[in-house]
Amino acid sequence: MKTKIALIAAGFAAFAAVPASAQSLTYNLNAQVAPSCGVYNSGGATVAVDFGQLATVATSSTVDVAAGEATYRCNSVNGFTRTITSQNNGYLTLGGQPTTDNARRIRFNMAHTGDAGLSFAAQQLTSPVATTFGGSTAFLAGETGAVSFQAFGVQGAAGGNGAPGTTVYAGNYRDTVTITVTAL
């Protein structure tokens with residue numbers, strides 16, 4: 001009997017020493033998220049800003065115009081760069097043509113409000129204004145700030161017999177300001 005038990009025990013030991021056959025199944029999961037980084041306004045990609053008639057506004061005064069809001073959204077982990085440019089270096093120019101002739105241009109400023117570093121005080125856009133923002137959940141959700149512009153008046157000193165005058169030629173004065181957002 002002892003021999004039978006020893007034989008059975010040896011059989012179990014031999015069976016236990018043989019590794020069981022193993023097989024595994026692996027799932028490699030994958031997904032993509034497209035880059036999305038830009039500046040948006042509910043009025044569309046082009047917003048009209050009209051200062052109206054500046055001939056009766058003193059040169060020491062401004063006409064302030066709110067230009068709606070700009071919302072910045074960016075899903076780049078590295079953030080983005082915002083660059084603001086004026087086609088005519090911070091001047092409305094006669095016919096929109098580049099010029100350094102003060103009789104053919106009207107100075108203007110731009111201001112921006114907002115959190116996360118978006119805001120800046122009214123300033124003339126004599127050169128591009130570039131700011132880099134780090135990637136953040138604030139910009140994943142979207143950060144919004146108000147944009148406004150102010151143009152300086154062009155009323156000249158009264159001439160003989162009270163004749164009105166201006167410091168610039170008559171006509172339509174224009175400029176194009178562009179906000180560009182580039183993902184990093």
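Residues numbered from 1 in each chain as written. Predicted model: local features only at pLDDT ≥ 70, side-chain atom pairs only at ≥ 80, totals over all residues. Heavy atoms only, no water.

A cluster of nonpolar side chains, contributed by Leu25, Tyr27 and Leu29, occupies part of the molecular surface with about 460 Å² of accessible area. Relative to the assigned elements, Leu29 resides in the loop between α1 (2–17) and β1 (37–40). (Patch = residues over 30% accessible without salt bridge, like charges linked within 9 Å, V, L, I, M, F, W, Y side chains within 5 Å. Areas by Shrake-Rupley, 256 points an atom, 1.4 Å probe, with all protein chains shown as cover. Salt bridge = Lys/Arg side-chain N within 4 Å of Asp/Glu carboxyl O. Helix = DSSP H or I, 4+ residues; strand = E, 2+ residues; numbered from the N terminus.)

For the coordinates displayed, the defined rule picks out 1 salt bridge. Asp101 is paired through a salt bridge with Arg104; the nearest N and O atoms lie 3.3 Å apart. For Arg104, a relative accessible area of 36% corresponds to the partly exposed category. (Buried < 20%, exposed > 50% of the residue type's maximum accessible area, 1.4 Å probe, protein only.)

Moving on, we get to the state of the cysteines. Counted according to the given criterion, the structure contains 1 disulfide. Between Cys37 and Cys74 runs a disulfide, and the two sulfur atoms are separated by 2.0 Å. Disulfide Cys37 to Cys74: torsion about the S-S bond roughly -100°, handedness left-handed. With a gap of 37 residues between them, Cys37 in strand β1 and Cys74 in strand β2 (residues 62–74) connect regions that are remote in the sequence. Residue class for Cys37 comes out partly exposed when judged on its relative accessible area of 23%. Assessed through its relative accessible area of 4%, Cys74 is described here as buried. (Disulfide = S-S within 2.5 Å.)

A few words now on unusual backbone geometry. The backbone of Asn89 shows a phi angle near 55°, a positive value even though the residue is not glycine. Topologically, Asn89 is positioned in the loop between β3 (80–86) and β4 (91–94). Among the residues examined, Asn89 registers a relative accessible area of 42% and is labelled partly exposed. The backbone of Asn161 sits at a positive phi, close to 60°, despite the residue not being glycine. Mapped onto the elements of the fold, Asn161 is located in the loop between β9 (155–156) and β10 (165–166).

Scanning the entire structure with this criterion turns up 5 aromatic pairs. Put simply, the rings of Tyr72, Phe80, Phe133 and Phe139 pair up and form one aromatic cluster. Stacked on the ring of Tyr91, the Lys or Arg Arg105 has its end atom at 3.8 Å from the ring centre. (Phe/Tyr/Trp six-rings, centres within 6.5 Å; stacked < 30°, edge-to-face > 60°. Lys NZ or Arg CZ within 6 Å of the ring centre and 35° of its normal.)

On to the side chain of Ser76, then. Within the fold, Ser76 resides in the loop between β2 and β3. The exposure class assigned to Ser76 is buried, which follows from its relative accessible area of 13%. Aside from chain neighbours lying at most four places away, what touches Ser76 is Gly135, Ala183 and Leu184. (Contact = heavy atoms within 4.5 Å.)

Moving on: the sheet that holds β3. One open sheet accounts for 3 strands, arranged β7-β3-β12; its pairing is antiparallel. With partners counted over all chains shown, the strands left at the sheet margins are β7 (129–133) and β12 (177–183), one partner each. Neighbour to neighbour, the strand axes of the sheet diverge by 15° on average, direction disregarded. Pairing of β3 with β12, which is carried by 7 bridges, proceeds in the antiparallel orientation. Directly across from Thr83, in β12, lies its bridge partner Thr180. (Pairing = 2+ DSSP bridges. Axes fitted to C-alpha atoms, helices over the stretch in contact; angles between N-to-C directions.)

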